[in-house]
Amino acid sequence: MQALQHHLADTLKRERSQRGWSLTQAADATGVSKAMLGQIERGESSPTIATLWKIATGFNLSFSAFISAEAAPPDPANTALSAAQQAAAAQQTEGDPDPRPPHSGEGDQVSRPSRQNRASAAAPVEHPQRSHPTPVAYQQSDRGMQATLLFPFDAETGFELLVIELAAGALSESSAHEAGMIEHVIVLEGELEICLDGEWQRLACGEGVRFRADRPHAYRNPGAQPVRFHDVIHYPRR
């Protein structure tokens, strides 16, 4: 966790410096206080997952950029391309179709499979395919919520995949993410309540929902045991 906190602090400091932002300007962009941002940069504080999302949104970066070195934007000082290299790269990709799927985020869609399909979805996979590198887990200091990064942000597809765990009775309220972002939530264990447009709905194991995440939303665990769910995040084209 210490290495993860160090990466988070370095990423925030580097991204702010590259933009030429003061802490005050970063606070204005993210909605996170100047004092909190300073504490994070000095490694004195670990933000909640909701706060980390606000920072990622304000900096127009993926969530995984702050918890995975693989997903972090490259340092321009170490990745500068010559004019010839840039021209070659542009020529290679010119005319290639955009590999990312089109957005279809109008309206929320809830998936409630039949009992038979739900049981199959909950059954263990005989030969699971592990993500690479080893999944990174970011846990809040209050242990109410943990986000495990299975697959970091992929710029070609615009996706990242997290496993979220909410402790019994835990509530996480998230502010709006960047415009055009879509989340796909599929419950793996337990029951999850999710709030969209001020209305709570309950999802059982094997059920899921797709929704626009560019509006406030919240997750709640109504049970006495932890709930786990996949959160597949689709970022808009940039």
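In what follows, the accompanying structure is described. Only a predicted model underlies this, so the values are computations on that prediction, with no experimental measurement involved.

**Observations concerning the overall build of the protein chain**
So, step 1. If you tally the helices and strands in the protein chain, you get 7 helices and 11 strands.
So, step 2. Among the 238 residues that make up the protein chain, the fraction classed as buried is 39%.
So, step 3. The contacts in the protein chain between residues at least 6 apart in sequence include a share of 70% that link residues at least 24 apart.
So, step 4. Taken as a whole, the protein chain presents about 12,900 Å² of accessible surface, with 51% of it coming from carbon and sulfur.

**Points about the pairing of strand β6 (residues 182–189)**
So, step 1. The pairing of β6 with strand β9 (residues 208–212) spans 5 bridges and is classified as antiparallel. Residue pairing in the sheet places Val185 in a bridge with Val209 of β9.
So, step 2. With 7 bridges joining them, β6 and strand β11 (residues 227–234) adopt antiparallel strand pairing. Within β11, the residue paired with His184 across the bridge is Val232.

**Examining the packing of helix α1 (residues 2–19) against helix α3 (residues 34–41)**
So, step 1. Their axes nearest at 7 Å, the elements α1 and α3 cross at an angle of 120 degrees. Here α3 runs oblique to α1, going by the angle between their axes. The segment α1 lies against α3, with Leu8, Ala9, Leu12, Lys13 and Arg16 engaging Leu37, Ile40 and Glu41.
So, step 2. For the contact of α1 with α3, a count of residues per class yields 5 nonpolar, no polar and 3 charged.

**Considerations on the sheet that holds strand β10 (residues 217–220)**
So, step 1. Spatially, β5-β10-β7-β8 is the arrangement adopted by the 4 strands of the open sheet, whose pairing is antiparallel. Every other strand in the sheet has two partners, leaving β5 (171–174) and β8 (199–203) as the edge strands with one partner each. Each strand of the sheet is rotated relative to its neighbour by a mean of 20 degrees, with strand direction disregarded.

**Considering α1**
So, step 1. Look at α1: 26 Å from first C-alpha to last across 18 residues, which is about the 26 Å you get at 1.5 Å a residue.
So, step 2. Looking only at α1, the buried set comprises Leu4, His7, Leu8, Ala9, Thr11, Leu12, Glu15 and Arg16.
So, step 3. Directly beyond the C-terminal end of α1, a positive phi value near 70 degrees is found at Gly20.

**Some thoughts on the nonpolar core**
So, step 1. Core analysis: the largest hydrophobic core is formed by 43 residues, its most contacted members being Ile55, Phe63, Phe66, Leu166, Leu192, Phe211 and Tyr219.
So, step 2. Looking at this core element by element, the count peaks at 5 residues for helix α4 (residues 49–58).
So, step 3. Those residues in contact with Phe63, other than ones at most four positions away along the chain, are Ile49, Leu52, Trp53, Ala56, Ala147, Glu160, Leu162 and Tyr235.

**As for unusual backbone geometry**
So, step 1. With a phi close to 60 degrees, Asn60 is a non-glycine residue in the positive phi region.
So, step 2. Mapping Asn60 onto the fold places it in the loop between α4 and α5 (76–79).
So, step 3. Judged by relative accessible area, Asn60 falls into the partly exposed class, the value being 40%.
So, step 4. At Asp197, a residue that is not glycine, the phi angle is positive and equals roughly 55 degrees.
So, step 5. Note on placement: Asp197 falls in the loop between β7 (192–196) and β8.
So, step 6. By relative accessible area, which is 58% here, Asp197 ends up exposed.

**So, the packing of aromatic side chains**
So, step 1. Here the structure, examined in full by the defined rule, presents 5 aromatic pairs.
So, step 2. Plain terms: the ring middles of Phe153 and Tyr235 are 5.1 Å apart, the flat faces sit at 75 degrees to each other, and that makes the pair edge-to-face. Highlighted residues: Phe153 in strand β3 (residues 145–154) and Tyr235 in the segment after β11, separated in sequence by 82 residues. Both residues of the pair, Phe153 and Tyr235, belong to the buried class.
So, step 3. Put simply, the rings of Trp53, Phe63, Phe153 and Tyr235 touch in pairs and so form one group of aromatic residues.
So, step 4. Lying across the ring of Trp21, Arg19 places its NZ or CZ 5.6 Å from the centre.
So, step 5. Seen from the ring of Trp200, Arg220 lies directly overhead, with NZ or CZ sitting 3.8 Å from the centre.

The rules behind each value
Residues take numbers from 1 onward in each chain, read along the sequence in its written order. Only residues with pLDDT of 70 or above have their local features reported here, since the model is predicted, and side-chain atom pairs are shown and tallied only from 80 upward, although totals for entire chains, interfaces and linings are computed over all residues. Values reported for side chains reflect all heavy atoms of the structure, with hydrogen atoms and water molecules removed beforehand. Segments assigned H or I by DSSP are reported as helices when at least four residues long, segments assigned E as strands when at least two residues long, and all are numbered from the N terminus. Here the term buried applies to any residue with accessible area under 20% of the maximum for its type, exposed to any over 50%, and partly exposed to those in between, with areas from a 1.4 Å probe on protein chains only. Whether two residues are in contact is decided by their heavy atoms: any pair within 4.5 Å suffices. A 1.4 Å probe and the Shrake-Rupley method give the accessible areas. Residues count as covered only by the protein chains that appear here. A pair of strands counts as paired when DSSP detects no fewer than two bridges linking them. Between N-to-C directions, angles cover 0 to 180 degrees, with each direction set by a line fitted to C-alpha atoms, over the stretch in contact for helices. Comment on the angle field: the value is read as roughly parallel under 35 degrees, roughly antiparallel over 145, roughly perpendicular from 65 to 115, and oblique elsewhere. Only Asp, Glu, Lys and Arg are considered charged in this grouping, and only Ala, Val, Leu, Ile, Met, Phe, Trp, Tyr, Cys and Pro are considered nonpolar; every other residue, Gly among them, is considered polar. In this analysis, the expected span of each helix is defined as 1.5 Å times one less than the number of residues it contains. Working definition of a nonpolar core: buried Ala, Val, Leu, Ile, Met, Phe, Trp, Tyr and Cys residues. They are joined through side-chain atoms within 4.5 Å. Within 6.5 Å between ring centres, the rings of Phe, Tyr and Trp (the latter by its six-membered ring) count as paired, and their orientation is classed by plane angle as stacked under 30 degrees, edge-to-face over 60, tilted in between. Two conditions define a charge sitting above a ring: the NZ of Lys or the CZ of Arg must be within 6 Å of the ring centre, and it must be within 35 degrees of the ring normal.

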